[in-house]
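# Observations on the model geometry
Here is what each chain is made of, one letter per residue.
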Amino acid sequence: SACLSRAIQLSRELGDLVGEADLLAMHGASLREQGRLEDARVCLSRCLDLWEEESNSAAAASACSCLGLIDIDLGGYARAAEHFQMAADLFHQEGKSQQEAEALSNLASSYHLQGHLEQALDCYGRSLEISQEIGYMQGCSQTLANMGLIYQSRGDLSLAEDHLKRSLGARDESDEAG
């Protein structure tokens, strides 16, 4: 970590914004794995600023997704929703459909954790549509399972069972393809 910090400092001194942003992303991920969530958030926020300065939307979207995961780890579900929405929008602009679907699924999870079940179902539905369009069966399976859990928590056992069965079918398709 000391080596990484030094490399970040050198990139900054050399004016290498791309190198600094890449190193900050790695450092932020490492800090998150170590449970140093506030430090990770600081690193990834700086990383996001640099990617925005460089007009690299795809990299900025990835940084937003990482920040959203840290927000969830810290219990900041509303802030997580903001980061995941920004990530989904940026991935959409870049035509990165699988990442957009994943960001929408994460956005749905943040709404679910806040108790906003209709918003969660809406985002899961959008994620599912994209995943089906691109044949991302693993994404379909996970999203259908999450939707099933929401329906179960609402007491709609018929819809819950339907979504969970469809999830298993999508998982089987994913296993066959992989």
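Before any of the text, the structure's been laid out above.
Let me sum up the structure you'll find in this document. Computed from a prediction, not measured in an experiment: that's the story for all the values here.

Conventions we followed
Every residue gets a number counted from 1 within its own chain, in the order that chain's sequence is written. Selection of residues for local features in this predicted model requires a pLDDT of at least 70, selection of side-chain atom pairs for listing and counting requires 80 or more, and totals for whole chains, interfaces and linings are taken over all residues. In computing side-chain values, all of the structure's heavy atoms are included and hydrogens and water are not. To qualify as a helix, a DSSP run of H or I must reach at least 4 residues; to qualify as a strand, a run of E must reach at least 2; elements of each kind are numbered from the N terminus. Using a 1.4 Å probe on the protein chains alone, a residue whose accessible area is under 20% of its type maximum counts as buried, one over 50% counts as exposed, and one in between counts as partly exposed. Should a side-chain nitrogen of Lys or Arg be within 4 Å of a carboxyl oxygen of Asp or Glu, the pair is scored as a salt bridge. Only a pair of cysteine sulfur atoms within 2.5 Å qualifies as a disulfide here.

Our next topic: the environment of glutamate 54. Mapped onto the fold, glutamate 54 is located in the loop between helix H3 (37-53) and helix H4 (57-73). Here glutamate 54 falls in the partly exposed class, since its relative accessible area comes to 35%. C-alpha separation for the pair glutamate 54 and valine 18, spaced 36 residues apart in sequence, amounts to 7.6 Å.

Attention now moves to the pattern of salt bridges. Applying the stated criterion across every chain yields a total of eleven salt bridges. One salt bridge in this structure joins glutamate 20 and arginine 12, with 2.9 Å as the shortest N-O distance. Judged by its relative accessible area of 43%, arginine 12 is partly exposed. Several salt bridges share partner residues, and in doing so they unite Arg12, Glu20 and Arg46 into one network.

Before going further, it helps to spend a moment on the state of the cysteines. For the structure shown, the criterion picks out zero disulfides. The cysteine cysteine 43 is free of any disulfide, with cysteine 47 supplying the nearest cysteine sulfur at 8.6 Å. Note on cysteine 64: no disulfide assigned, nearest cysteine sulfur contributed by cysteine 66 at a separation of 9.4 Å.

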